[in-house]
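Report on the structure
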Amino acid sequence: MTITVLPLDTPGLGDRTYVAHDGAVALVVDPQRDYDRVLGLAEAAGVRITHVFESHIHNDYVTGGLELAREVGARYLLNADDQVSFERTGVSDGDVVEVGDRMRVKVLLTPGHTHTHLSFALEADGRPVAVFTGGSLLYGSTGRPDLLGPDHTDTLAHAQWHSARRLAAELPDEAAVYPTHGFGSFCSATQSGGTASTIGQEKLANPALTTDEARYVEDLLAGLDAYPAYYAHMGPANSAGPGGPDLSLPEQADPAELRRRIEAGEWVVDLRNRTAFAAGHVRGTLNFGLDGQFVTYLAWLMPWGTSVTLLGDTAEDVAEAQRELVRVGIDRPAAMATGTPAEWAGGEPLRSYRTATFADLATQLARNPATAVLDVRRNQERAESHIAGSAHIPIHEVLGRLDEVPSGEVWVHCAGGYRAGVVAALLDAHGVDVVAIDDSFDNAGPAGLPLTTATLQEISA
């Protein structure tokens, strides 16, 4: 018997959903809020969805599992111990779920990412062929154990090691591993590589399976860094039973309305890439380009509940942004506008600022050693290597620490340019004279910039 597993990537959040089918019926694991994509996969494969499995109460996105199950008449399965306010099929460790006539799913309790986290071993012809590991065993890593708060972190870190070991012990080496997190998600303890793996491959490379418990926990906890503030709102939303998304486009706003919204402190977000934004934009607008982790950083930095208006080249760009926003529970943009910055400005002069490379920065510092350099990377990145004498404010702390931004012209950098572009736009909106470094940090040393390291304790102090 052939079982087909179809992964559905959500790169903006670094997650995957899975559809597994036998040619007739299908099961779904960890669907995103915009589950129309799942329906499209099932329709293309000519299969009927009968079961929707949830590995855990997610902290990084709003699930589409409940509404998907309701729409197609499928069973919605999650841990019986999860405290939720809706009807579902509760499952527990050791349960076996029949999916159609040919697929069986064994439920495995794998705490670590959460206390009630489940993995699902998919059997064909009586033998496990795959395991959906959610936020437990990832490719070369594991899910982070600190999202439920510091009182739980140590216990969950130890549990994560044991869960990984259980999967390795109970499943054959050839069983495919299908995690939900680990493709850029902040739910991953470390950023894992690869797009496919097996239990056997993880036994050779995954720290949870190659190091002893004490060393694994020590390294895991030492490597944890900040995660998005909006995560605090995802668990409650998922426990309450989120409804389906409304993806209809918002109303168009004219230049007067855009100005009114900006002056009222609302977030008017330009979706174009950072190069285009730097070259010309409406005063007071912010830039979260669709070419990067748009929704992760917008939802992280924007005060929760703030009204947001979207500006895009086309209605398709706005629709793409809106789709990403509903995945984290930002359901309805206040308004939208399409076209060009000149059309949005309504005759008001556009603002702009310079972009540069690290070689340009080296030249600038040689000319003026007092030039202010602002590093907006996370603490772990900063500790590994940074430009000597640079200031440091992680991107997610900039809005709360504007009084610490150096005076005068400020050259802003990150690791690749996206976050620097976000911060440059934020600072520009607050009247700071910025230069956005749109370059890879790998080029900083070769450009002649003096690099140094620091401990995390020094960075955090």
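The numbering scheme is per chain: residues are counted from 1 as the chain's sequence reads. The model is predicted, so local features are restricted to residues of pLDDT at least 70 and side-chain atom pairs to those at 80 or more, both for listing and for counting; the totals for chains, interfaces and linings are taken over all residues. Derived side-chain values reflect all non-hydrogen atoms in the structure, with water molecules and hydrogen atoms excluded from consideration.

Helical segments are the DSSP runs of H or I of at least four residues, strand segments are the runs of E of at least two, and each set is numbered from the N terminus. Position of Gln322 among the secondary structure elements: in helix α11 (residues 315–326). Note on contacts: a residue pair qualifies if any of its non-hydrogen atoms lie within 4.5 Å across the two residues. With residues up to four places along the chain from it excluded, the contact list for Gln322 reads Asp246, Leu247, Ser248, Leu249, Pro250, Leu310, Arg332 and Pro333.

Moving on to the packing of helix α3 (residues 150–170) against helix α6 (residues 213–223). Structural elements are reduced to axes, namely lines fitted to C-alpha atoms, with helices fitted over the stretch in contact, and the angle between N-to-C directions of any two is expressed from 0 to 180 degrees. Close contact between α3 and α6 brings their axes to 10 Å; oriented N to C, the two are set at 125°. Here α6 runs oblique to α3, going by the angle between their axes. Where α3 crosses over α6, the handedness of that crossing is right-handed. Seen from α3, the contacting residues are Thr153, Asp154, Ala157, His158, Gln160, Trp161 and His162; seen from α6, they are Glu213, Tyr216, Val217, Leu220 and Leu221. Ten residues, namely Ala, Val, Leu, Ile, Met, Phe, Trp, Tyr, Cys and Pro, are considered nonpolar, four, namely Asp, Glu, Lys and Arg, are considered charged, and the remaining ones, Gly among them, are considered polar. Of the residues contributing to the contact of α3 with α6, the split by class is six nonpolar, four polar and two charged. By the definition adopted for this analysis, an angle is roughly parallel if under 35 degrees, roughly antiparallel if over 145, roughly perpendicular if from 65 to 115, and oblique otherwise. The hand of a helix crossing depends on one turn: near helix anticlockwise from the far one by less than a right angle means left-handed, and clockwise means right-handed.

On to the sheet that holds strand β1 (residues 4–10). Two strands pair under a simple rule: DSSP has to find at least two bridges between them. In space, the six strands of this open sheet follow the order β1-β2-β3-β4-β5-β6, with mixed pairing throughout. Looking along the sheet, the strands with just one partner apiece sit at the ends: β1 and β6 (89–91). Neighbour to neighbour, the strand axes of the sheet diverge by 25° on average, direction disregarded. Taken together, the three bridges between strand β4 (residues 48–53) and strand β5 (residues 75–79) define a ladder with parallel strand orientation.

Further remarks concern the nonpolar core. Counting 55 residues, the largest nonpolar core has Trp267, Val269, Phe288, Phe294, Leu301 and Leu427 as the members making the most contacts within it. Not counting chain neighbours up to four residues away, the residues in contact with Phe294 comprise Val269, Leu271, Phe288, Gly289, Ala321, Glu324, Leu325 and Tyr418. Among the buried residues, those of types Ala, Val, Leu, Ile, Met, Phe, Trp, Tyr and Cys that are joined through side-chain atoms within 4.5 Å form a nonpolar core. Under the scheme applied here, a residue whose accessible area is under 20% of the maximum for its type counts as buried, over 50% as exposed, and between as partly exposed, the area being computed with a 1.4 Å probe on protein chains only. Core analysis: the next-biggest nonpolar cluster, separate from the first, contains 44 residues, Ala20, Val105, Leu118 and Ala164 among them.

A sheet is described by the order of its strands in space; here five strands give the open sequence β7-β8-β9-β10-β13, paired in mixed fashion. The sheet is open, and its two borders are formed by β7 (96–99) and β13 (176–179), each paired with just one other strand. Strand-to-strand twist of the sheet, defined as the mean angle between neighbouring strand axes without regard to direction, takes the value 25°. As judged from the four bridges shared by strand β10 (residues 127–134) and β13, these two strands associate in the parallel manner. Counterpart to Val131 in the pairing with β13 is Val177. Contacting β8 (103–109), β9 (118–124) and β10, α3 crosses the sheet at an angle of about 145° to β8.

Moving on to the packing of aromatic side chains. Pairs were defined over the aromatic rings of Phe, Tyr and Trp, the Trp ring being its six-membered one, requiring ring centres within 6.5 Å. Orientation was assigned from the angle between planes: stacked under 30 degrees, edge-to-face over 60, tilted for the rest. A full pass over the atoms with the stated rule returns 15 aromatic pairs. Ring centres of Tyr230 and Tyr231 lie 5.2 Å apart, and the angle between their planes is 80°; on these two criteria the pair is classed as edge-to-face. Owing to a relative accessible area of 1%, Tyr230 belongs among the buried residues under this scheme. Its relative accessible area of 4% is what places Tyr231 among the buried residues. Look at Trp267 and Phe288: their rings are 6.0 Å apart centre to centre, the planes differ by 25°, and that puts the pair in the stacked class. Here Phe288 lies in the loop between β15 (286–287) and α10 (294–301) and Trp267 lies in strand β14 (residues 267–270), a separation of 21 residues in the sequence.

Such coordinate-based values are descriptive only and should not be taken to indicate function.
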